[in-house]
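What the coordinates show
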Amino acid sequence: MKITQLNLREVKIPLRFQFSQSNNAGALHSHSAILEVHTAEGIIGYGESCPRTYVTGEDIAAVQKGLQLVSPEIKGASIHSIEEVEDRLMQWEKKGIGPSVRCALELAFLDAWSKTQEKPLADILGSKPPEVISYSLILPLLRPASLEQLLPKIRHFSPPSVKLKVDAKLEETVNKIHLIRSFFGQELPIRVDVNGGWALQQAEKIIPRLIEQGITSFEQPLPAGQREGLAVLSQRFGKDVRIMADESLLSLEQAKRLIENGCVNHFNLKLSKLGGIFSSLKVYQLAHEHGIPCQLGAHFGETSLLTAAGILLGGMAGDLTAYEGAMGAFLLEKDITAPSITMGLDGRLDTQENLPKAGLGFIDEAALQQYTQAPAINASQILSSLKSNIKR
Ligand SMILES: [Mg+2]
């Protein structure tokens, strides 16, 4: 497979309901980097990542910059195996590309490779996803009155579990938990995601109160850098509940430090923040060796490309404690693949039926075009214009 061209698209799709969390208020659109890799054989591979300044510090400009660093080596490159893709990604990582660049590149290469070989990616990667996956429903951070308005609109759902985005307003959170259970059942397992929104003293007060409400999983209770505080919480509450790292876990190095210092007892793996399938799998394997369970996470607004990649990671890892994502057609005005890989109303998704026969999905060109912010960015064009500017 010979690479001839690279195109980066900034894609924004309107969301069906506004999505808020402690570290990002009121998103009305998805925001993805969609990368096209064109091959001499006439195949286009598509990759996706979700650069988030409040997670990895990356935005779309950073992705563009990262691609500029490596595009001279990509254009004209011949790829002969999947192992070679991984090797090259590791080399480029050393040159300084961020996780969002790595993720988009990896997925675009894998998509193109699988389509070129006309083989399912699951077979190529040795991934054995569960036949049926149960996805959690993710509820944004809302005032109780807004949640009261949202719940009737999604009353047809019967999710196996819910992840609720919360802040430090304890009484409101308790009320919202009651409200959610009144819709979806008193036994509904609920995890909370704080997105780093509590201080240590607040966390020490709030966690016991929420344990009384049957909450057993606390994701990123403190800001990302507060590893000592996380260790305090894990020591105090970790026997009874999950203290989970999300924004604190952006690389294998950070995973090692979290484990060495006993900061958390659970990891949230997300492809985009960890740089794709291969690097997420390494974090999973390290966690597994140290008895730390992992779940699959997702950024809000991910398209089916990242959903498919998440399923493949799940089939390589084996025993994830929860799956998030696959919100496709429920959250996005329109997905960019046809069909969209979206969970059912009961949160279930049949992987055999939904995973594409080759690659990560069949792109709906019209939808992709519709939601691409103009102008689409051609990395090699950017590079040549930079060079000619320098010459001048
Ligand atoms: Mg999170």
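Per chain, residue numbering runs from 1 following the sequence as it is written. The model is predicted, so local features are restricted to residues of pLDDT at least 70 and side-chain atom pairs to those at 80 or more, both for listing and for counting; the totals for chains, interfaces and linings are taken over all residues. Water and hydrogen atoms were dropped before computing side-chain values, which therefore reflect all heavy atoms in the structure.

1. Notes on the coordination of the magnesium ion
To keep it simple, the criterion reads: Because water is not among the atoms used, a metal site may look incomplete, as its donors are only the N, O and S atoms within 2.8 Å, or 3.2 Å for Na, K and Ca. Counting from the N terminus, the helices are the DSSP runs of H or I reaching at least four residues and the strands are the DSSP runs of E reaching at least two. Type-normalised accessible area, obtained with a 1.4 Å probe on protein chains alone, sets the label of each residue: buried when under 20%, exposed when over 50%, and partly exposed for intermediate values.
Listed as protein donors to the magnesium ion are D193 (OD), E219 (OE) and D246 (OD); their distances from the metal cover 2.1 to 2.3 Å. Here the donor residues of the magnesium ion are spaced in sequence according to D-x25-E-x26-D. Residue D193 is located in strand β9 (residues 190-193), and its partner E219 is located in strand β10 (residues 217-219); the two are separated by 26 residues in the primary sequence. Neither D193 nor E219 differs from the other in exposure class; each is buried.

2. Here we look at the packing of helix α5 (residues 144-153) against helix α6 (residues 170-184)
Basically, it comes down to this: For helices, the fitted axis covers only the stretch in contact; all axes are lines through C-alpha atoms, and the angles between them, taken along N-to-C directions, range from 0 to 180 degrees. Orientation is classified from the angle alone, with under 35 degrees giving roughly parallel, over 145 giving roughly antiparallel, 65 to 115 giving roughly perpendicular, and any other angle giving oblique. Left-handed describes a crossing whose near helix is turned anticlockwise from the far helix by less than a right angle; the clockwise case is right-handed. For this analysis, residues touch if any pair of their heavy atoms sits within 4.5 Å.
At a closest axis distance of 10 Å, the pairing of α5 and α6 adopts a crossing angle of 10°. By the angle class used here, α5 and α6 are roughly parallel. Two packed elements cross with a definite hand, and for α5 against α6 that hand is right-handed. Judged by residue contacts, P144, L147, E148, L151 and P152 of α5 engage E172, K176, L179, I180, F183 and F184 from α6.

3. Quick look at the packing of aromatic side chains
Heads up, the rule is: For this analysis, a ring pair means two rings from Phe, Tyr or Trp (six-membered ring only for Trp) whose centres lie within 6.5 Å, classed as stacked if their planes differ by under 30 degrees, edge-to-face if by over 60, and tilted for the remaining angles.
According to the stated counting rule, one finds 5 aromatic pairs in the structure shown. Residues W198 and F218 carry aromatic rings whose centres are separated by 6.4 Å and whose planes lie at 50° to one another, so their mutual orientation is tilted. Taken as a pair, W198 in the loop between β9 and α7 (200-212) and F218 in strand β10 lie far apart in primary sequence, 20 residues in all. The exposure class of W198 is buried, given its relative accessible area of 2%.

4. As for the pairing of strand β8 (residues 162-165)
Within a regular strand, side chains alternate between the sheet's two faces. To keep things clear, this is the line we draw: For two strands to pair, DSSP has to find at least two bridges joining them. Think of it like this: strands point away, you trace from the first strand over the helix to the second, and a clockwise trace means the crossover is right-handed.
Burial along β8 is two-sided: V162 and L164 facing one way and K163 and K165 facing the other are all buried. Of the strand pairs in this sheet, strand β7 (residues 137-139) and β8 are connected by 3 bridges, and their pairing is parallel. What sits directly across from L137, in β8, is V162. After leaving β7, the chain enters α5 and then returns to the sheet as β8, a path that is right-handed. Taken together, the 4 bridges between β8 and β9 define a ladder with parallel strand orientation. Pairing of K165 across the sheet is with D193, part of β9. As for the winding sense of the linkage, the β-α-β connection from β8 through α6 to β9 is right-handed.

5. Things to note about the domain arrangement of the protein
What counts here: Segmentation into domains, and thus their bounds, comes from an automatic or database assignment. Note on terms: buried area is the combined drop in 1.4 Å-probe accessible area of two parts once they are placed together, counting the loss on both. Take a side-chain nitrogen of Lys or Arg and a carboxyl oxygen of Asp or Glu: if they are within 4 Å of each other, that pair is a salt bridge.
According to the domain assignment, the protein consists of domain 1 (3-118 + 373-391) and domain 2 (125-354). Here the C-alpha centroids of domain 1 and domain 2 sit 25 Å apart. At the interface, 37 residues of domain 1 touch 39 residues of domain 2. Summing both partners gives a buried area of about 3300 Å² for domain 1 against domain 2, and 67% of it is carried by carbon and sulfur. Our enumeration of links across domain 1 and domain 2 arrives at 1 salt bridge. Here K282 ties to E86 by a salt bridge, and the two come within 3.7 Å at their closest N and O atoms.

6. Details of the pattern of salt bridges
For side chains of opposite charge, pairing can occur when their charged atoms come near one another. Counted according to the given criterion, the structure contains 22 salt bridges. Among the ionic pairs, E171 bridges to R209, the shortest N-O distance being 3.4 Å. Of this pair, E171 sits in helix α6 while R209 sits in helix α7, and the two are 38 residues apart along the sequence. Between E212 and R209 there is a salt bridge, with its nearest N and O atoms 3.9 Å apart. Linking E212 with R209, this pair stays in helix α7, spanning 3 residues, or about one helical turn. Given the relative accessible area of 29%, R209 is considered partly exposed. Residues joined by salt bridges that share partners form a network here, namely K163, K165, R191, D193, E219 and E324.

7. What to know about the pairing of strand β5 (residues 44-49)
Most of β5 is tucked away: 5 of the 6 residues are buried. Alignment of strand β4 (residues 32-39) against β5, held across 6 bridges, turns out to be antiparallel. By the bridge assignment, A33 is partnered in β5 with S49. Following β4, the chain reverses through 4 residues before pairing antiparallel with β5; G42 in that reversal takes a positive phi of roughly 85°.

8. What to know about the environment of G238
Along the chain, G238 turns up in the loop between α8 (227-237) and β11 (242-245). Considered as a pair, G238 and Q117 are 121 residues apart in the sequence and their alpha carbons are 46 Å apart. Not counting residues up to four positions away in its chain, the partners in contact with G238 are L233 and N265.

9. Thoughts on the nonpolar core
Which entries qualify depends on this criterion: Grouping buried Ala, Val, Leu, Ile, Met, Phe, Trp, Tyr and Cys residues that are joined through side-chain atoms within 4.5 Å yields what is termed a nonpolar core.
Ranked by internal contacts, the top residues of the largest apolar core, which has 124 residues, are L105, F109, I180, F267 and I277. The element that contributes the greatest number of residues to this core is helix α3 (residues 99-117), accounting for 10 residues. Two domains each donate at least three residues to this core, and these are domain 1 (3-118 + 373-391) and domain 2 (125-354). If we ignore the near neighbours within four places in the chain, the residues touching L105 are L6, L35, L67, V70, I74, L89, W92 and I97.

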